[in-house]
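# Structure at a glance
The primary structure of each chain is shown beneath.
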Amino acid sequence: NAGVTQTPKFRILKIGQSMTLQCAQDMNHNYMYWYRQDPGMGLKLIYYSVGAGITDKGEVPNGYNVSRSTTEDFPLRLELAAPSQTSVYFCASSYSGQGVEDTQYFGPGTRLTVL
Amino acid sequence: QKEVEQDPGPLSVPEGAIVSLNCTYSNSAFQYFMWYRQYSRKGPELLMYTYSSGNKEDGRFTAQVDKSSKYISLFIRDSQPSDSATYLCAMSASGGYNKLIFGAGTRLAVHP
């Protein structure tokens, strides 16, 4: 199993550009999540999905969009990139969504800089 | 005031020391408490979780929750250089991963 994979590893965007961060998992997990991690701020949930075709907002969804057309893939779209979106983005997945029942697995992250 | 407070460190200890990592929180509804370990330039990995108050032990790691003081701890016994990482606490009222509130993380360095 590859686990949770993310591409690209690094990216520099100009203000106003758009991009899609890719995330895939091969563990047949129902739940997938996107987080951002800023220095000194901990992880913040952007969006999550409970299954193909079902997504919901997290704590910080503004400026982002997601879709989940398959169980395996959960891309995160940034439209009109802004410097405030400079961060490290992590994708994660879990089978049941409940911490007492199973483990959440994280990908290696994408480091995004918006200049 | 943040819902979850965690001292960012860095904390530097010699190999073999007992390490204590701590978080405080303000929301009395929190019942599920987790500790993640994050190596440099890697994603977090779930280390331990506890429900409600009490202790939980797993090898060299012990998680402790004191709900009356709104204080949780992670103890690492016989610390090793391989324990050098950032440790994040996280907690929620419902136990769902979609409701977790994370601390900022404490950076730990264990030197030989």
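Residues numbered from 1 in each chain as written. Chains lettered and ligands numbered in written order. Predicted model: local features only at pLDDT ≥ 70, side-chain atom pairs only at ≥ 80, totals over all residues. Heavy atoms only, no water.

### Some thoughts on the pairing of strand β5 (residues 42–51) of chain A
Residues and elements named next belong to chain A. In plain terms, the rule: Each residue is placed in one exposure class: buried if its accessible area under a 1.4 Å probe, protein chains only, is under 20% of its type's maximum, exposed if it is over 50%, and partly exposed if it falls in between. Comment: elements are numbered from the N terminus, with helices defined as DSSP H or I runs of at least four residues and strands as E runs of at least two. Strands are labelled as partners when DSSP assigns at least two bridges between them.
Along β5, eight of the ten residues are buried, which leaves the element largely enclosed by surrounding structure. Sheet analysis places strand β4 (residues 31–38) next to β5, joined by seven bridges and oriented antiparallel. Each residue of the ladder has a partner; that of Asp-38, found in β5, is Gly-42. Connecting β4 to the next strand, β5, in antiparallel fashion are three residues, including Gly-40 with a positive phi near 70°.

### Comments concerning the pairing of strand β7 (residues 61–66) of chain B
Residue and element names in this part refer to chain B. Relative to β7, strand β6 (residues 54–58) runs antiparallel, the two sharing five bridges. By the bridge assignment for β7, Lys-56 is matched with Ala-63. The antiparallel hairpin formed by β6 and β7 contains two residues in its connecting segment, where Gly-59 sits at a positive phi of about 65°. Two elements, β7 and strand β8 (residues 71–76), share six bridges in a ladder whose sense is antiparallel. Bridge pairing links Gln-64 to Ser-73 in β8. Joining the antiparallel neighbours β7 and β8 is a turn of four residues, in which Lys-70 adopts a positive phi near 55°.

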